[in-house]
There are 2 protein chains.
Amino acid sequence: MANSSSGDSVVDRVVRVLEAFPEGVSSLPLTELAERSGLPLTSAHRLVRQLADYRLLEQAPGGKVQVGLRLWELVNRNSPILLLRQAALPFMDDIHQVLNQNVNLGVLQGDDVLFVERLSRRGSVANRAKVAGRMPVHISSAGVALMSGQPRAAQNAYLARFKDPAGKVDADHVRRLLATSAERGYAELAGVVDPETWGIAVPIEDRQRRTVAAIGVVVPLAEVRIHQIVPALRTAARGIGRQLGALAPTP
Amino acid sequence: MANSSSGDSVVDRVVRVLEAFPEGVSSLPLTELAERSGLPLTSAHRLVRQLADYRLLEQAPGGKVQVGLRLWELVNRNSPILLLRQAALPFMDDIHQVLNQNVNLGVLQGDDVLFVERLSRRGSVANRAKVAGRMPVHISSAGVALMSGQPRAAQNAYLARFKDPAGKVDADHVRRLLATSAERGYAELAGVVDPETWGIAVPIEDRQRRTVAAIGVVVPLAEVRIHQIVPALRTAARGIGRQLGALAPTP
């Protein structure tokens, strides 16, 4: 249905246009958008105009193109992520106040953790987790906490296809990391992404005891207060899990 | 391009599917999705399958359909709203801590205020502002603060088409409300949406002194601390405006 002469569908082209924006770049000139999406300039121009009619894309300063407010509204008001954020934010705020550090909330997306919320205090340590940004599972404490809570088959499939682009660790190392985290009930990674920081995260389970998200902190490596951090995170995770049950629409 | 026999485009049908989810409902059975989007069941089925292939939609519990994680990711990682939230969250958190009340962040979308962030404390007063939810400008303090900061022509156009569905106020009333708010530099609405609550909001200006957002609180009507609230909100708004300038991509 609705295929162009080159055989790609309109949906495919819309996705290519949305994917063309690099992470952290909110607007692009049309020519660059066409180039990055691999569409001929005329096709890109026509599609952008069509999407702009519905305010899915809009004009940005300097004649650039950006994601439209209407698309943001449509996607966010009905996304299950909104329910998760709503359940988690007060607890993340508690952690933030009590520990005075960056707090992240992530979900599993393929072999990555996708961060869906983040609270960071001005002046706190570097935190690579951006909202709607990803990190590979094995280098993020939230990722390890999430994967360690998945069913055995999913973990084995992940480990079977595991490959570290940095060439630092192998599947056996990650398997041990997951096993240790599952046993302890929390994941910790020191100095993996940033030599100066320590990531600690715990899984969040819904009422069916499925691991659906992870909450974690990123703290200065020098400041190891793991005996304070883990109980605080666990308490928050339990609270969020209960709220999730309450908020989830009836199946 | 890509029109069906009935003349509507694929983009049009995608928008109709996304718009079919009512606010606050994150998943729908396919039959209801087809009905609400006004598409024949077979067309809806085909389109949903196509969108699911790209994970723009996904399967929800009970065989329902929901907005996909991938769509959430694509839209949020590149939305200008992310920059605004990023600039505003630490300041919203300050207000939240200092005043111990609900804090909202909104932008103008047509004749409505679209709420893009909200912090609410457990046990605080009712707050109708939902993230990605809307309220008509004239019944929301954030809406009044936003509109009172718009250029005169935009305000006049808004007032010319103004109609209160509740039949309580007329355009002249709203004109006075906007004028008073512009003069004072803040908007206040008592007991308009909820008889028990008071909304107070101030405009946020970017470096070009354009009103681009509003920050506000919703407090119990009994607890009128406006002399504390307004300076706190103004301080936050100035901080956010400065951050926005720093975060905005070069035009």
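Every chain begins its residue count from 1, and numbering advances along the sequence as written. Starting at A for chains and at 1 for ligands, labels are handed out in the order in which the entities are written. Per-residue local features are limited, in this predicted model, to residues with pLDDT of at least 70; the limit for side-chain atom pairs, both in listing and counting, is 80 or more; totals at the level of whole chains, interfaces and linings are taken over all residues. Heavy atoms throughout the structure, all of them, feed into the side-chain values; hydrogens and water do not.

Q: Any chance you could explain the overall build of chain A here in plain terms?
A: Secondary structure is summarised from DSSP: a helix means a run of H or I of at least four residues, a strand means a run of E of at least two, and numbering begins at the N terminus for each. Counting secondary structure elements, chain A contains nine helices and nine strands. Its C-alpha atoms give chain A principal-axis dimensions of about 60 × 40 × 40 Å. The buried label goes to any residue with under 20% of its type's maximum accessible area, the exposed label to any with over 50%, and the partly exposed label to all in between, with areas taken from a 1.4 Å probe on protein chains only. The proportion of buried residues among the 251 residues of chain A is 54%. When the accessible area of chain A is evaluated, it comes to approximately 11,300 Å², of which 51% is carbon and sulfur surface. None of His or the chain ends enter the tally, which takes Lys and Arg as positive and Asp and Glu as negative. Working definition for charges: the position is that of NZ of Lys, CZ of Arg, CG of Asp or CD of Glu. For chain A, the centre of its 30 positive side-chain charges and the centre of its 24 negative side-chain charges are spaced 3 Å apart. In these tables, accessible area is a Shrake-Rupley quantity obtained with a 1.4 Å probe, and a residue counts as shielded only by the protein chains included in the view.

Q: What is the right way to read the nonpolar core from this model?
A: A general trend in soluble globular proteins is that nonpolar side chains are found buried together. What makes a nonpolar core is a set of buried Ala, Val, Leu, Ile, Met, Phe, Trp, Tyr and Cys residues whose side-chain atoms join them at distances within 4.5 Å. Ile95, Ile200, Ile215 and Val217 of chain A together with Ile200, Ile215 and Val217 of chain B are the most contacted members of the largest nonpolar core, which totals 123 residues. In this view, Ile200 of chain A contacts Ser141, Tyr186, Ala187, Glu188, Ile215, Gly216, Val217, Ile226, Ile229, Val230 and Leu233 of chain A; residues no more than four positions away in its chain are not counted. A contact between two residues is defined here by any heavy atoms of the two lying within 4.5 Å.

Q: Explain the side chain of Arg85 of chain A here, please?
A: Positionally, Arg85 of chain A belongs in helix 5 (residues 80-99). On the accessibility criterion, Arg85 of chain A (8% relative accessible area) is buried. Within the local environment of Arg85 of chain A, its side chain forms a polar contact with the side chain of Glu117 of chain B, the two groups lying 2.7 Å apart. Among all residues touching Arg85 of chain A, those that are not within four sequence positions of it are Leu105, Val116 and Glu117 of chain A together with Arg85, Glu117 and Val131 of chain B. N or O atoms within 3.5 Å of each other form a polar contact, as long as, within protein, one can give a hydrogen and the other can take it, and as long as residues adjacent in sequence are counted only when both atoms are side-chain atoms.

Q: Is there a simple way to think about the relation of the copies chain B and chain A in this case?
A: Put simply, the two copies of the chain differ by a rotation about an axis and a shift along that axis. To line up the copies, we fit them by least squares on C-alpha atoms, keeping just the residues with pLDDT of at least 70 in both. For these two chains of identical sequence, chain B goes onto chain A by a turn of 180 degrees and a shift of 0.0 Å along the axis, with RMSD 0.0 Å. Read as a symmetry element, the transformation amounts to a two-fold axis. Residue by residue, 100% of the interface of chain B is reproduced at the interface of chain A, so both copies engage with the same surface.

Q: Got a minute to help me understand the side chain of Asn78 of chain A in this structure?
A: When you line up the elements, Asn78 of chain A lands in the loop between helix 4 (69-77) and helix 5. Polar contacts involving the side chain of Asn78 of chain A include one to the side chain of Arg77 of chain A, which spans 3.0 Å. Residues contacting Asn78 of chain A, with those up to four places away along its chain left out, are Leu18, Phe21, Pro22, Glu23, Gly24, Val25, Ser26 and Val67 of chain B.

Q: I would appreciate a short explanation of the interface of chain B and chain A in the present structure.
A: With 69 residues of chain B at the interface, the matching set in chain A holds 70 residues. Buried surface area refers to the total accessible area, computed with a probe of radius 1.4 Å, that the two partners give up upon joining, counted for both partners together. Of the roughly 6,000 Å² buried between chain B and chain A, counting both surfaces, carbon and sulfur atoms make up 61%. The working definition used for a salt bridge is a side-chain nitrogen of Lys or Arg within 4 Å of a carboxyl oxygen of Asp or Glu. Put simply, Arg70 of chain A and Glu19 of chain B hold a salt bridge, and the shortest N to O gap is 3.0 Å. The tally of links between chain B and chain A comes to 26 residue pairs in polar contact (both at pLDDT 80 or more).

Q: Got a minute to help me understand the domain arrangement of chain A in this structure?
A: The accessible area lost on association of the parts is a frequent measure of interface size. Those domain boundaries reflect an automatic or database domain assignment. Split into domains, chain A comes out as domain 1 (10-75) and domain 2 (79-247). Look at where the C-alpha atoms of domain 1 of chain A and domain 2 of chain A centre, and you get two points 32 Å apart.

Q: Would you mind going over the pattern of salt bridges with me for this structure?
A: Between side chains of opposite charge, a pair can form as their charged atoms come close. Scanning all chains against the criterion turns up 26 salt bridges over all chains. With its nearest N and O atoms 2.4 Å apart, the salt bridge here joins Arg134 of chain B to Glu73 of chain A. Remark: Glu73 of chain A occurs in helix 4 and Arg134 of chain B occurs in strand 6 (residues 134-136); the pair is interchain, linking two chains. For Arg134 of chain B, a relative accessible area of 29% puts it in the partly exposed group. According to the relative accessible area criterion, Glu73 of chain A is buried, its value standing at 1%. Connected through shared salt-bridge partners, Glu19, Asp112 and Arg134 of chain A together with Arg70 and Glu73 of chain B make up one network.

Q: Quick question: what am I supposed to make of the packing of aromatic side chains here?
A: Given two aromatic rings, their pairing is described by the distance between the two centres and the angle made by the two planes. All names here are of chain B. Centres within 6.5 Å are what make two rings of Phe, Tyr or Trp a pair, Trp counting through its six-membered ring; a difference in plane orientation under 30 degrees is then read as stacked, over 60 as edge-to-face, and the rest as tilted. Per the stated rule, a full pass over the model turns up two aromatic pairs over all chains. Geometrically, the ring pair formed by Tyr158 and Phe162 is edge-to-face, given 6.0 Å between the ring centres and 70 degrees between the ring planes. Classification of Phe162 as buried rests on a relative accessible area of 13%.

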